[in-house]
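# Structural description and commentary
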Amino acid sequence: MKKELLFSAALALVGATESFAGNAKAETLNGRSIYVYAPANLEKNKPLLISCHGMNQDAAYQSNQARWEDIADTARFVVVYPNGINKGWDLGGDKDINLMKDIIDEMSKRYQIDLSRVYLSGFSMGGMFTYYAMGKIADKIAAFAPVSGYMMGGPGKAQRPVPIIHHHGTSDDVVTYNNVMTHINAYKNQFNCPANPSETQTFPANSKSEMWGPCDGGVSVKLVTLGGKGHWHSNDEAVVHTSKSIWNFIKNYTLEGSVDAVEPEPQKPFKGTAIAIPGKVEAEDFDIPGVGRNPDGTTNQSFKVGTTENKGNSDYRKDTPVSIYKKATGNVIGYNSEGNWYEYTVDVNADGEYTVYAAVAAAGSTSSFQLSMDGKEISEKVAVPAAATGEDNYDDYNKVSFDVKLSKGQHILRLTVTGAWFDIDYMAFMIKGEEVEAECPDGDCSEGSDEIAINSRLALSLSKSKTYSIYNLSGAFLGKIHATSFEEIQEKTFALTKKSGVYLVKSAGFAKKIQVNH
């Protein structure tokens, strides 16, 4: 207890707040005070850096010493300085962990940040919180950069191997340098890093940097020792400028790994060729992921899910963490949480308006999704209807429809989950105003079959005589006809059935509803 009181008292001495010198703007987010800075005309898919102040300090003080705005202007990223409650950080609960999540969500909505490049740094008690967050939100933070701070109770356990860069002065009399290696060694061991540094660089005044890696997951652990420096950010260009040093390290990492670990390789269509539109996009046939990051900052990932575990019961694509379930109609994607997305390489036949029919199932009434193409939204949020019966019914599929405008050529289609939880089977794209082609699953073309239940009919374009099987809407086989035109199909169907009505025409793997009048 005496040691903790002395520590708190020492921190209080360094907590005087100076006037706010940066360009960040003060605002309130869910009742919490934060300062936000974004360069003018910031492009989409840029990183976010969160910088946490020390005990008895605040966001203004942190901005004055870290000076992230200057780096952000050139490197193009968003900076947020949050204020801790009572000028401190929650190192045992989730109050401030939830604040970090709220900041990430808000910056994503506001600036469309790259969620795979969110970085967390903190000074003193903020550095302690940075270490604490490794065990809580490592799934949201690509790299961690504590400065002059570590957990006083000893190292924790990270959720995953994470990149770490730690700066510390050897003359720090508040959070002493003596225990730094205890933490560095603990995380090196957790991540199976090499025993000896893979890189060592010396600076003036007995300063140096040491880096251990590559460790599990391709990460590295780096310690920058600042000879003779005390309890502060070093802005000494002759030795080490702390924030610049941090940025030069963390910018190399995303949630998918090291940016420079491999040459970029684009995602690929799952079945080798782009999915034709008009046509059907099976949800489970999302692209095969590529690797690396492209010059424009985009990744080559083809999906994002909130879990590393495939919770589905299908054997289809078990090598991915996407939860695929086996249903009566085939494979579907389930366990969809908000923020999940899936991408598909598609080939649009012609410019124009298309109607999308999506087969979806939800137990509640808050589920929704949205479509984009090549990074641009092509639909509003589409609500997924709740199952008619049952509190946990994901077998009651509804067919929702909406219109989109598409341009000819090959594109990347993305489905984004905007409201959990629902399952999705497929999306059928048809030229607006034309009827919908539908396949007969397993030869079942009855009224209740999945593919026919979306009011599917299609105007036929025939060039030669074909044989067609005719069924009523209960699935009863009525006979076969030969025809070379849509009109001939109608005439011969009436001749076969002797009555007007709607009939099912089946041939060569597809089924079509036609109206027959006399």
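The coordinates are above.
Report on the accompanying structure.

What counts, and at which threshold
- Residues numbered from 1 in each chain as written.
- Predicted model: local features only at pLDDT ≥ 70, side-chain atom pairs only at ≥ 80, totals over all residues.
- Heavy atoms only, no water.
- Pairing = 2+ DSSP bridges.
- Helix = DSSP H or I, 4+ residues; strand = E, 2+ residues; numbered from the N terminus.
- Buried < 20%, exposed > 50% of the residue type's maximum accessible area, 1.4 Å probe, protein only.
- Axes fitted to C-alpha atoms, helices over the stretch in contact; angles between N-to-C directions.
- Parallel < 35°, antiparallel > 145°, perpendicular 65-115°, else oblique.
- Contact = heavy atoms within 4.5 Å.
- Nonpolar A, V, L, I, M, F, W, Y, C, P; charged D, E, K, R; others polar.
- Polar contact = N/O pair within 3.5 Å; in protein donor to acceptor, adjacent residues only side chain to side chain.
- Left-handed = near helix turned anticlockwise from the far one by under 90°.
- 1 Å grid on protein atoms, 1.4 Å probe; cavity = no way out; pocket = protein on both sides within 12 Å on 5 of 7 lines; lining within 4 Å.
- Points joined across faces, edges and corners; volume = space filled by probe spheres on them.
- Disulfide = S-S within 2.5 Å.
- Phe/Tyr/Trp six-rings, centres within 6.5 Å; stacked < 30°, edge-to-face > 60°.
- Lys NZ or Arg CZ within 6 Å of the ring centre and 35° of its normal.

Turning our attention to the pairing of strand S27 (residues 466-471). Where S27 and strand S28 (residues 477-483) come together, six bridges link them in antiparallel fashion. Across the sheet, Thr 467 pairs through a bridge with His 482, a residue of S28. As judged from the three bridges shared by S27 and strand S29 (residues 501-507), these two strands associate in the antiparallel manner. Of the residues in S29, the one forming a bridge with Ile 470 is Val 505.

Attention now moves to the environment of Lys 318. With respect to the secondary-structure elements, Lys 318 resides in the loop between strand S15 (303-304) and strand S16 (324-327). On the basis of relative accessibility, which here comes to 42%, the residue Lys 318 falls in the partly exposed class.

Next up on the list: the sheet that holds strand S8 (residues 199-203). Across the sheet, which stays open at both edges, the 10 strands sit in the order S1-S2-S4-S3-S5-S6-S7-S10-S9-S8 with mixed pairing between neighbours. The open sheet is flanked by strand S1 (25-29) and S8, the only strands paired with a single partner. Across this sheet, the average inter-strand angle for adjacent strands is 20°, counted without regard to direction. Note: S8 against strand S9 (residues 207-212), five bridges, orientation antiparallel.

The next point concerns the packing of helix H4 (residues 95-111) against helix H5 (residues 125-134). Contact geometry for H4 and H5: axes closest at 11 Å, N-to-C directions at 80°. As summarised for this structure, H4 and H5 are arranged roughly perpendicular, according to the angle between their axes. The residues of H5 that touch H4, namely those facing Asp 96, Ile 97 and Met 100, are Phe 129, Tyr 132 and Ala 133. Tallied by class, residues from the contact of H4 with H5 come to five nonpolar, no polar and one charged.

In this structure, Thr 493 sits in helix H8 (residues 486-497). Separated by 2.7 Å, the side chain of Thr 493 and the backbone oxygen of Ile 489 make a polar contact. Those residues in contact with Thr 493 that sit more than four places away from it in its chain are Ile 470, Ile 481, Tyr 503, Ile 514 and Val 516.

With that settled, consider the packing of helix H3 (residues 68-75) against helix H7 (residues 242-250). At a minimum axis distance of 9 Å, the contact between H3 and H7 shows a crossing angle of 40°. Seen along the crossing, H3 lies across H7 with a hand that is right-handed. Contact with H3, carried on its side by Trp 68, Ile 71 and Ala 75, involves Ser 243, Lys 244, Ile 246 and Trp 247 of H7 and no other residues of that element. Along the lines of polarity and charge, the residues of the contact of H3 with H7 split into five nonpolar, one polar and one charged.

Once that is clear, we can look at empty space enclosed by the protein. Tallying each qualifying case throughout the model produces one cavity of 30 Å³ or more. Estimates place the volume of the largest cavity at around 30 Å³. Around the largest cavity sit Val 147, Ser 148, His 167, His 168, Gly 169, Leu 226, Lys 229, Gly 230, Trp 232 and Thr 242, which together line it. Of the residues that constitute the lining of the largest cavity, the class distribution is three nonpolar, six polar and one charged.

As enumerated under the stated definition, the model contains one disulfide in all. Through a disulfide, Cys 193 is tied to Cys 215; the S-S separation comes to 2.0 Å. Taking the sign of the S-S torsion, about 105° here, the bridge from Cys 193 to Cys 215 comes out right-handed. A residue pair is termed long-range when its members are at least 10 positions apart, and Cys 193 in the loop between helix H6 (180-190) and S8 and Cys 215 in the loop between S9 and strand S10 (221-226) qualify at 22 residues.

This next bit is on the packing of aromatic side chains. For the coordinates displayed, the defined rule picks out 14 aromatic pairs. Aromatic side chains Phe 270 and Tyr 316 sit 5.8 Å apart centroid to centroid with 70° between the ring planes, which places their arrangement in the edge-to-face category. Of this pair, Phe 270 sits in the loop between strand S12 (257-258) and strand S13 (275-277) while Tyr 316 is found in the loop between S15 and S16, placing the two residues 46 residues apart along the sequence. Judged by its relative accessible area of 23%, Tyr 316 falls in the partly exposed class. One aromatic cluster in this structure is built from Trp 68, Phe 77, Tyr 119 and Trp 247. Lying over the aromatic face of Tyr 426, Lys 280 brings its terminal NZ or CZ to 4.9 Å of the ring centre. For Arg 317, the ring lying beneath its charged end belongs to Phe 286, and the centroid distance is 3.9 Å.

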